[in-house]
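# An overview of the molecular structure
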Protein chains: 2
Amino acid sequence: MEEKPRLSREKIIAAAAGLADRSGLARVSMRNVGAELGVEAMSLYHYLSNKEELLDELSDFVFSQIEIPDESTQWRSALEFRASSTRRVLVAHPWGLGMIESRPIPGPALLKHHNSVLGHLVRAGCEPLFASQAFATLDAFVYGFVLSETSMPFEMKEGAEMDYAASLTLDESEYPFLAENVAALREAGGFAFSDGFQVGLGIILDSIEARL
Amino acid sequence: MEEKPRLSREKIIAAAAGLADRSGLARVSMRNVGAELGVEAMSLYHYLSNKEELLDELSDFVFSQIEIPDESTQWRSALEFRASSTRRVLVAHPWGLGMIESRPIPGPALLKHHNSVLGHLVRAGCEPLFASQAFATLDAFVYGFVLSETSMPFEMKEGAEMDYAASLTLDESEYPFLAENVAALREAGGFAFSDGFQVGLGIILDSIEARL
DNA sequence: ACCTGAACACCGTTCAAGT
DNA sequence: ACCTGAACACCGTTCAAGT
């Protein structure tokens, strides 16, 4: 009677990702991931050498979900596509961002991206050095925007930003420009932080285009 | 005989920050911070209601160190100054970035910044909505850049980036553009990731200036 | 008021043992 | 080969007790 193994690397990673999505990265412990799979914590050590390795796999799992645009796509659309896909994946799995910081070894998924973006920039006419720097600028913007977006103290519903802004007791004498800005935005009928993504992307791509 | 208290909120925060600087945020436990001050873990609970509160204080400690430019400074210099100061502080205390994600309630230090940056943008001639979006773009870039910078797998020494790039076994057929880019940069005599900060800042500020 | 010690419910990880 | 249970050195936090 052969017993099929109940576990596999893939199943463990999927269980850990699901747990992180539902309850946050803090609840991803060897014991909890084991419980998720109906197994003791120690069983996981047959498939992973330690928790560090589980987190590495989790990080690669996130990046492998980012879509890469076709080589034939016009450069600006291609960069917009990739930036939006990256944002979508990281917003869906906010714990992914925190892992960039701690797990710096680039996996194959990341290298594939790097290659694709550089290709579009070079074919658009960028010098090698500027291509690298433009890429770094775009990536920094995407990561930073998601960092702000996922840590906003409100749900991303229509107008919730303004409700929140209004709820802040803004001392006008202490923060005059901030208070003025909030008032002006409210008068103009609101403000959605998320819209800033396309605007910011446009700001950066315009400058890159101007330097080609 | 009156006994002076050995502890204070400030001393605890300073000890925690020092520990984080030296050994990373992961080693900041109530027990370790206590030991740093020659005291049992439980003593800290007389000054802080829990660890969450300690982390909130730690986050504010970081932001309060960012320098705010003078109101009279020309807008572009002012925004460059603030961005550079933010980067410098976050590179010195890399654990600060990770705290943005988890601790979203804006403290006074952050509100002061927000106010200063909006002031410069508005006086430069930005509409309220564009001022907010330009600010979000700049901040996203700074945060994201530091995120990449502090998680680079090498020390930020002259030329270390290229040594690292060379050490990667880059399959040319799999990553042709990436391989080409690395080769071109090497031929041009190297590349420093850090330089990308001024370039990226310039890319964004150029676009903002063009839209005034 | 300020600090401690024991205790509880958690961690990651080791090791020897079971099937 | 695959999974478990006990054990060790850690966590944050509560509570009663000491000064």
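Residues numbered from 1 in each chain as written. Chains lettered and ligands numbered in written order. Predicted model: local features only at pLDDT ≥ 70, side-chain atom pairs only at ≥ 80, totals over all residues. Heavy atoms only, no water.

### A word on the overall build of chain A
We apply this condition: Runs of H or I in DSSP of at least four residues are treated as helices and runs of E of at least two as strands, each being numbered from the N terminus. Per-residue accessibility, obtained with a 1.4 Å probe over protein chains only, is compared with the maximum for each type, and a residue is labelled buried under 20%, exposed over 50%, and partly exposed between these values. Per-residue accessibility takes into account occlusion by the displayed protein chains alone, with areas from the Shrake-Rupley method and a 1.4 Å probe.
Of regular secondary structure, chain A possesses ten helices and zero strands. For chain A, the sequential pattern of α-helices and β-strands runs α-α-α-α-α-α-α-α-α-α. Taking all 212 residues of chain A together, the buried fraction comes to 49%. Here chain A displays about 10600 Å² of accessible surface, and carbon together with sulfur accounts for 51% of that area.

### Focus on the nonpolar core
Just so we agree on the cut-off: To define a nonpolar core, start from buried Ala, Val, Leu, Ile, Met, Phe, Trp, Tyr and Cys residues and group those joined through side-chain atoms within 4.5 Å. Contacts between residues were defined by any pair of non-hydrogen atoms, one from each residue, lying within 4.5 Å.
Among the nonpolar cores identified, the biggest contains 62 residues, and Val33 and Leu54 of chain A together with Val33 of chain B are the most heavily contacted of them. Not counting residues within four places of it along the chain, the set of residues in contact with Val33 of chain A comprises Ile12, Ala15, Ala16, Leu19, Val28, Leu44 and Leu54 of chain A. Judged by nonpolar contacts, the second largest core, of 58 residues, contains Cys126 of chain A together with Ala124, Phe145 and Phe193 of chain B.

### Considering the interface of chain A and chain B
Selection criterion: Accessible area, probed at 1.4 Å, shrinks when two parts are joined; the buried area is that loss added up over both. Each salt bridge in this description consists of a side-chain nitrogen of Lys or Arg and a carboxyl oxygen of Asp or Glu lying within 4 Å of one another. Identification of polar contacts relies on pairs of N or O atoms within 3.5 Å, with a donor-acceptor requirement for protein atoms, meaning one able to donate a hydrogen and the other able to accept it, and with residues adjacent in sequence counted only if both atoms are side-chain atoms. Under the scheme applied here, ten amino acids are nonpolar (Ala, Val, Leu, Ile, Met, Phe, Trp, Tyr, Cys and Pro), four are charged (Asp, Glu, Lys and Arg), and all others, including Gly, are polar.
At the interface, 57 residues of chain A touch 57 residues of chain B. Summing both sides of the interface, chain A and chain B together bury roughly 4800 Å²; the carbon and sulfur share of this comes to 70%. Counting across the interface, chain A meets chain B through two salt bridges. In this structure, Asp206 of chain A and Arg211 of chain B form a salt bridge, with 2.8 Å as the shortest nitrogen-oxygen distance. Where chain A meets chain B, there are twelve residue pairs in polar contact (both at pLDDT 80 or more). The set of elements that each furnish at least two residues to the side of chain A that touches chain B consists of α5 (95-102), α6 (108-124), α7 (128-150), α9 (176-187) and α10 (196-210) of chain A. Among the elements that line the side of chain A that touches chain B, the one with the most residues is α7 of chain A, at 16 residues. Of the residues in the side of chain A that touches chain B, the class split is 33 nonpolar, 15 polar and nine charged.

### Here's the deal with the domain arrangement of chain A
Residue and element names in this part refer to chain A. Rule in force here: Per the annotation, domain bounds derive from an automatic or database assignment of domains.
Each assigned domain of chain A is listed with its residue range as follows: domain 1 (1-48), domain 2 (63-150 + 200-211) and domain 3 (160-191). Between domain 1 and domain 2, the C-alpha centre-to-centre distance is 31 Å. Across the contact, four residues belong to domain 1 and four residues belong to domain 2. Both faces combined, the contact of domain 1 with domain 2 buries some 320 Å², and carbon together with sulfur accounts for 68% of it. For the domain 1 face of the interface with domain 2, the top three residues by lost area are Ala20, Asp21 and Leu25, together amounting to 88%.

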